Amino acid sequence: MPQPIIYLDNNATTPLDPAVLEEMLPFLTTEYGNPSSAYQLGAHSRAAIELARERVASLVGCAAGEIVFTSGGTESNNTAIHSALQLDPARQHIVTTAVEHSATFRYCEQLAERGGAVTFVGVAEDGTLDPDELEQVIRPETAIISVQWANNETGVIFPIERIAEIASRHRVLLHSDAVQAAGKIPIALGTSKINFLSLSAHKLHGPKGVGALFVHRRSAFRPLLIGGGQENRRRAGTENVASIVGFGKAAELAAIGLNAHAARIQSMRDAFEAGILAQIPSAVVNGTRHTRLPNTTSLAFPGVDSEAVLILLDRHRICCSAGSACRAGSTETSHVLRAMNLSEERQRSTLRFSFSRFNTETEVTQAISGLSRAVEQLQTLSNG
Ligand SMILES: *Cc1c(COP(=O)(O)O)cnc(C)c1O
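Residues numbered from 1 in each chain as written. Predicted model: local features only at pLDDT ≥ 70, side-chain atom pairs only at ≥ 80, totals over all residues. Heavy atoms only, no water.

Visitor: Outline the sheet that holds strand S6 (residues 173-177), supporting the account with residue identities and numerical values.
Guide: With mixed pairing, 7 strands are arranged side by side in an open sheet as S2-S8-S7-S6-S5-S3-S4. Among the strands making up the open sheet, the edge pair consists of strand S2 (67-70) and strand S4 (117-121). When the angles between neighbouring strand axes are averaged without regard to direction, this sheet yields 20°. Bridge count between strand S3 (residues 93-97) and S4: 5 bridges; the pairing is parallel. Looking at the pairing, His93 lines up with Ala117 of S4. (Pairing = 2+ DSSP bridges. Helix = DSSP H or I, 4+ residues; strand = E, 2+ residues; numbered from the N terminus. Axes fitted to C-alpha atoms, helices over the stretch in contact; angles between N-to-C directions.)

Next up, the structure:
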């Protein structure tokens, strides 16, 4: 029998919860009606989407009518920024950060390459963001501020509510990419001044290829996808019914267990981190440990190449991710670690471990010994 996988890459994607799959199955088989059709078969699909909308809204504390289903976090991020730029030709400046997910970062980089005005606010060496620094770069022509709720590589949480106060005072729209935060820490949009918020199902044990954009009921909005009148004319295209249903179930499960799960996940993450720091004295944690997602640790092992560790760990069926993305043969370090001004060596030796409620204490113990051995082996090689 093959060795079971120890999956510690839950910020990349998560396993589908079996209860989610169960709710999806009818909509991949017998319940195939188009939600826009007038007959009963269509009405079933329509009702299922509306239940999912309520469940997703409930996870983030907004009204169901403020949830627009999309194809995922990437589309949601692109849509929010696109929408803000359509409103006023005189307001085309974007404020974002140097550590956003590529779905925001690359979109803004591309706008900047085409002559757009984008300010990328930097972060401190511990990955934290200073809201005062962000406030200083707002201009009269700023259309939108886009800041993630929590960073996918380090888990560092940003002071979104303070940024929302600033955005509101300057009468600038605020978008937050909450893909990593949702389901891990509480989000209550009820009284918030946030205009747009991005979510993705596959980061919280739902299916891939479905997400949502929260659009505040009083925010002006211009759709990215134009066509049919679906999603209250905010996102054209026949709905991905089964996936939306799965997203709804995943959101419901995430909300029900949020506090209990977060405590257990954090204790596994902390035990893993403490174990590794004890076994490998040269290891260091990237990013502040004070305001951080409960499931994430970004660790650097100076003197060791993270890609090499990744390959050794894969032999033990341990999945995690490297701080550097391998692109067409050349290894480019992560823009997040670069923005934190970490040394080249630290960037190249970074691995991210991200836990979920499907991990176990036994896996933590096995991962500590597997990783310690892999790092020691490579340290011996490079010293020999
Ligand atoms: C995964 C992720 C996204 C992209 O979501 P997809 O649904 O995969 O398109 C966006 N932002 C953050 C912070 C993410 O972690």
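Visitor: Can you explain the pattern of salt bridges? Please cite residues and give values.
Guide: Opposite charge on two side chains lets them pair, provided their charged atoms get close. Following the criterion strictly, the structure yields 20 salt bridges and no others. A salt bridge links Arg106 to Glu109, with the shortest nitrogen-to-oxygen separation between them at 2.3 Å. Note that Arg106 and Glu109 are positioned in helix H4 (residues 102-113) at a spacing of 3 residues, about one turn of the helix. Arg106 sits in the partly exposed class, given a relative accessible area of 40%. Taking relative accessible area as the criterion, Glu109 reaches 23% and is therefore assigned partly exposed. Note that Glu135 and Arg169 form a salt bridge whose closest N and O atoms lie 2.7 Å from each other. One end of the pair, Glu135, is in helix H5 (residues 131-136); the other, Arg169, is in helix H6 (residues 160-169), with 34 residues separating them in the sequence. What makes Arg169 exposed here is its relative accessible area of 56%. (Salt bridge = Lys/Arg side-chain N within 4 Å of Asp/Glu carboxyl O. Buried < 20%, exposed > 50% of the residue type's maximum accessible area, 1.4 Å probe, protein only.)

Visitor: I'd like a rundown of the sheet that holds strand S10 (residues 296-300), residues and numbers included.
Guide: Overall, antiparallel pairing links the 4 strands, which are arranged S9-S10-S15-S12 in an open sheet. Of all the strands in the sheet, the pair left with one neighbour each is strand S9 (284-286) and strand S12 (321-322). Judged from the 5 bridges that link them, S10 and strand S15 (residues 350-354) form a sheet pairing that is antiparallel. Its bridge partner lying in S15, Ala300 is registered against Thr350. Along the sheet face, helix H8 (residues 241-279) touches S9, S10 and S15 and points at about 15° away from the line of S10. Against the sheet, helix H9 (residues 306-315) engages S12 and S15, with an angle of about 45° to S15. (Contact = heavy atoms within 4.5 Å.)

It is worth stressing that arrangement in space is one thing and function is another; only the former is reported here.
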